[in-house]
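Here are the chains, one letter per residue:
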Amino acid sequence: AQSVTQLDSHVSVSEGTPVLLRCNYSSSYSPSLFWYVQHPNKGLQLLLKYTSAATLVKGINGFEAEFKKSETSFHLTKPSAHMSDAAEYFCVVSDGGYSTLTFGKGTMLLVSP
Amino acid sequence: NAGVTQTPKFQVLKTGQSMTLQCAQDMNHEYMSWYRQDPGMGLRLIHYSVGAGITDQGEVPNGYNVSRSTTEDFPLRLLSAAPSQTSVYFCASSYSQETWNQPQHFGDGTRLSIL
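The structure contained in this document is the topic of the report that follows. On a predicted model such as this, the values are computed, not experimentally measured, just so you know. (Residues numbered from 1 in each chain as written. Chains lettered and ligands numbered in written order. Predicted model: local features only at pLDDT ≥ 70, side-chain atom pairs only at ≥ 80, totals over all residues. Heavy atoms only, no water.)

### Focus on the interface of chain A and chain B
Interface size, as often reported, equals the accessible area lost upon joining of the parts. What counts is decided by this rule: It only takes one pair of heavy atoms within 4.5 Å for two residues to be counted as in contact. Throughout, buried area stands for the accessible area (probe radius 1.4 Å) lost by two parts on being put together, summed over both. The term salt bridge refers to a side-chain nitrogen of Lys or Arg lying within 4 Å of a carboxyl oxygen of Asp or Glu. Two N or O atoms count as a polar contact when they lie within 3.5 Å, although within protein this holds only if one can serve as hydrogen donor and the other as acceptor, and sequence-adjacent residues are included solely when both atoms are side-chain atoms. For this scheme, ten residues count as nonpolar: Ala, Val, Leu, Ile, Met, Phe, Trp, Tyr, Cys and Pro. Four count as charged, namely Asp, Glu, Lys and Arg, and the remainder, Gly too, count as polar.
Contact with chain A, which involves 23 residues of that partner, is made by 22 residues of chain B. Taken over both partners, the interface formed by chain A and chain B buries close to 1,800 Å², and the fraction arising from carbon and sulfur atoms is 55%. Linking chain A to chain B there are one salt bridge. Here chain A is connected to chain B by two residue pairs in polar contact (both at pLDDT 80 or more). Its residues assigned to classes, the side of chain A that touches chain B comprises eight nonpolar, eleven polar and four charged.

### Remarks on the pairing of strand 11 (residues 110-114) of chain B
Residue and element names in this part refer to chain B. Stated formally: Burial here depends on accessible area, computed with a 1.4 Å probe over protein chains only, as a share of the maximum for the residue type. Under 20% is buried, over 50% is exposed, and the range in between is partly exposed. What counts as a helix is a DSSP run of H or I of at least four residues, what counts as a strand is a run of E of at least two, and both are numbered from the N terminus. When DSSP finds two or more bridges between a pair of strands, those strands are recorded as paired.
Most of strand 11 sits inside the fold, with four of its five residues counted as buried. Looking at chain direction, strand 2 (residues 10-13) and strand 11 are connected through four bridges and run parallel. Following the sheet pairing, Val12 is matched in strand 11 by Ser113. Examined bridge by bridge, strand 9 (residues 87-94) and strand 11 share three bridges and lie antiparallel to one another. By the bridge assignment for strand 11, Tyr89 is matched with Thr110.

### Let's talk about the nonpolar core
Applied cut-off: By nonpolar core is meant a set of buried Ala, Val, Leu, Ile, Met, Phe, Trp, Tyr and Cys residues that side-chain atoms within 4.5 Å join together.
Counting 26 residues, the largest nonpolar core has Trp35, Leu48, Leu76 and Tyr89 of chain A as the members making the most contacts within it. Per-element tally for this core: the top contributor is strand 10 (residues 87-94) of chain A, with four residues. Counting residues in each nonpolar core, the second largest holds 19 residues, with Leu13, Leu21, Val60 and Ala81 of chain B among its members.

### A few points about the pattern of salt bridges
All names here are of chain B. Going through the model one piece at a time under the given rule, you end up with six salt bridges over all chains. Among the salt bridges present, the one from Arg36 reaches Asp38, with a minimum N-O distance of 2.9 Å. In this structure, Arg36 and Asp38 share a single accessibility class: buried. A single salt-bridge network, built from bridges that share partners, covers Arg36, Asp38 and Arg44.

### Details of the pairing of strand 6 (residues 44-50) of chain A
Residue and element names in this part refer to chain A. Here strand 5 (residues 32-38) runs beside strand 6; their pairing, made up of six bridges, is antiparallel. Considered in strand 6, the bridge of Val37 is made with Gln45. Here strand 5 folds back onto strand 6 in antiparallel fashion, the turn holding five residues, of which Asn41 has a positive phi close to 60°.

### Some thoughts on the packing of aromatic side chains
In plain terms, the rule: What counts as a ring pair is set by centres within 6.5 Å for rings of Phe, Tyr and Trp (its six-membered ring), and what kind of pair is set by the plane angle: stacked under 30 degrees, edge-to-face over 60, tilted for all other angles. Think of it as a cone above the ring: NZ of Lys or CZ of Arg counts as a charge over the ring if it is within 6 Å of the ring centre and within 35 degrees of the ring normal.
Summed over the entire model, instances satisfying the criterion amount to twelve aromatic pairs over all chains. Grouped by ring-pair contacts, the aromatic residues Phe34, Tyr36 and Phe103 of chain A together with Tyr35 and Phe106 of chain B constitute a single cluster. The ring of Phe74 of chain B carries Arg68 of chain B above its face, with NZ or CZ at 6.0 Å from the centroid.

### Some thoughts on the environment of Leu112 of chain B
All names here are of chain B. Structurally, Leu112 can be placed in strand 11. Taking the C-alpha atoms as reference points, Leu112 and Leu21, separated by 91 residues in sequence, lie 9.6 Å from one another. Ignoring anything within four residues of it in the chain, the contact list for Leu112 reads Gln11, Leu13, Met19, Leu78, Gln85, Thr86, Ser87 and Tyr89.

Here is the structure:
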C-alpha cells in the first residue's frame, strides 16, 4: 500500500525568500514521486518527477526536490519565491508498474509582497 | 492542440437528477481517469480506463458510471445526484497506463453543486 503526507496545509512566505514544502511518503516498492501545482480554477500541472534516477530533481519555474529514501521524504524547494508561485501544491506517489496514483491533501503556498 | 477538455465548467443540479460530465483529449492518450477534489482531501480517483473498452473502479466509484467507446472520450455519469457529490471533478490523461512514469495531463475541472 502507498500513502503520502503533506506536513503543512498552508505555508506563508515573503517574495524573494526560500520556499520549503514538505512531503513524506510510504510505499511497499521503489516509488515514483511527483509534485503538481494547481493555480486557482485550473487543473493540475506537473512540476517535477522522480523515477529512480538522480535523487535531486529539477523542475519547472526554479523548483527542485530531493528524494531521501532513509527519511522517506520528497520535499519541494525554491530559492526565491515569486508572487506567481502562490498556488496549491500536491505531492503524489506511485508504487510503480500499472498502479494508480495517490495524492497528498495539498499545501497552499501564500506569497506576500 | 487543446489537451484535455472538460464540459461543462459549472453545473448546478437538484438531488436525484442525472447528468454526464464530458471529457475529451486530442493527444491519443491510452490512459484516462476521473478524480474528485474536495477541500482538505486532495484528489481521489473515481474511475479509470487503460484503453478503449476497458474501465475499472478507483477509490470512490459509488454513484458514478463510466464508459470508454473511443480513445478520445471518457464521460462520467452521475446516476442520481446526491449532495455528497458536490465537488470539483477533474479528468486526466497520460500516454500509457504506466502511471509511475507518465505525467498526467489535467483538464480545468467541472465545478458541480447538488442542491
